[in-house]
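Observations on chain architecture
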Amino acid sequence: MTVTEETAPASHYDRIGGASSVKAAVELFYDKVLADPELAGYFADVDMAGQRRHLALMLTVVLGGPNEYTGRGLDEAHQPLNITVGHYAKVGEYLTVTLAELGVPADILADVQAVLGQVQGQVVAAGDRAGA
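Residues numbered from 1 in each chain as written. Predicted model: local features only at pLDDT ≥ 70, side-chain atom pairs only at ≥ 80, totals over all residues. Heavy atoms only, no water.

Time to look at the side chain of D36. Tracing the sequence through the fold places D36 in the loop between α3 (19-35) and α4 (37-40). Overall, the relative accessible area of 5% leaves D36 in the buried class. Of note is the side chain of D36, whose polar atom sits 2.6 Å from the side chain of Y94. In this structure D36 touches K90 and Y94, once residues within four positions along its chain are discounted. (Helix = DSSP H or I, 4+ residues; strand = E, 2+ residues; numbered from the N terminus. Buried < 20%, exposed > 50% of the residue type's maximum accessible area, 1.4 Å probe, protein only. Polar contact = N/O pair within 3.5 Å; in protein donor to acceptor, adjacent residues only side chain to side chain. Contact = heavy atoms within 4.5 Å.)

For the rest of this paragraph, the subject is the environment of V124. Looking at where V124 falls in the secondary structure, it is placed in the segment after α8 (106-123). Each C-alpha atom, one on V124 and one on L109, is 21 Å from the other, the two residues being 15 residues apart in sequence.

Compared with the 24 Å implied by 1.5 Å per residue over 17 residues, the 24 Å span of α3 between its first and last C-alpha is a close match. Turning to α3, its buried residues are V22, A25, V26, F29, Y30, K32 and V33. Seen end-on, α3 carries its buried residues on one side only, within an arc spanning 155 degrees. Along α3, exposed side chains directed more than 90 degrees from the buried face belong to S20, K23 and A35. Of the surrounding secondary structure, the elements contacted by the buried residues of α3 are α2 (12-16), α4, α5 (48-62) and α7 (85-101). (Expected span 1.5 Å × (residues − 1). Arc of directions from axis to C-beta.)

Its 17 residues place the ends of α7 24 Å apart at the C-alpha level, agreeing with the 24 Å of an ideal helix rising 1.5 Å per residue. The set of residues buried in α7 consists of V85, H87, Y88, G92, L95, T96, T98 and L99. The secondary structure elements touched by the buried residues of α7 are α3, α4 and α8. Positive backbone phi, at 85 degrees, marks G103, one or two positions downstream of α7.

With that settled, the discussion passes to the pattern of salt bridges. Going through the model one piece at a time under the given rule, you end up with 6 salt bridges. Taking the shortest distance from any N to any O, the salt bridge between R52 and E27 comes out at 2.9 Å. A residue pair is termed long-range when its members are at least 10 positions apart, and R52 in helix α5 and E27 in helix α3 qualify at 25 residues. Residue R52 is classed as buried on the basis of its relative accessible area of 15%. (Salt bridge = Lys/Arg side-chain N within 4 Å of Asp/Glu carboxyl O.)

Another point: the packing of aromatic side chains. Taken as a whole, this structure holds 2 aromatic pairs when the rule is applied. The interplanar angle of 75 degrees and the centroid separation of 5.6 Å between the aromatic rings of Y30 and F43 together place this pair among those described as edge-to-face. With Y30 in helix α3 and F43 in the loop between α4 and α5, this residue pair connects regions lying 13 residues apart in the sequence. A single burial state applies to Y30 and to F43, both of which are buried. (Phe/Tyr/Trp six-rings, centres within 6.5 Å; stacked < 30°, edge-to-face > 60°.)

Laid out in structure tokens, this is it:
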């Protein structure tokens, strides 16, 4: 082991347990979202196995893990859905609650919330952005 390897800080991805932890978070997260009648409609015609894979890959990148995501960009995937600021906020809350329930440290939760704030404009419907 080199000095660099010994002193390099672990990524958030590694700190929470890597792929198995991300997969567990995605499963629990979508269980919550799909149980919410206000949000479930967004996923009525969605291949949920594929959707779960996509979110796991994206969450992995957000947490500093390997970037293997090759899907559509956030705006391309979400703009046709006309997602409101309120629904976006609810989804973000479900993600934060899920991660907290799984024991994710507060500093990582704060970083995930910061990313959610940064990408909101790519996900929320263009006409609803002023309400953010």
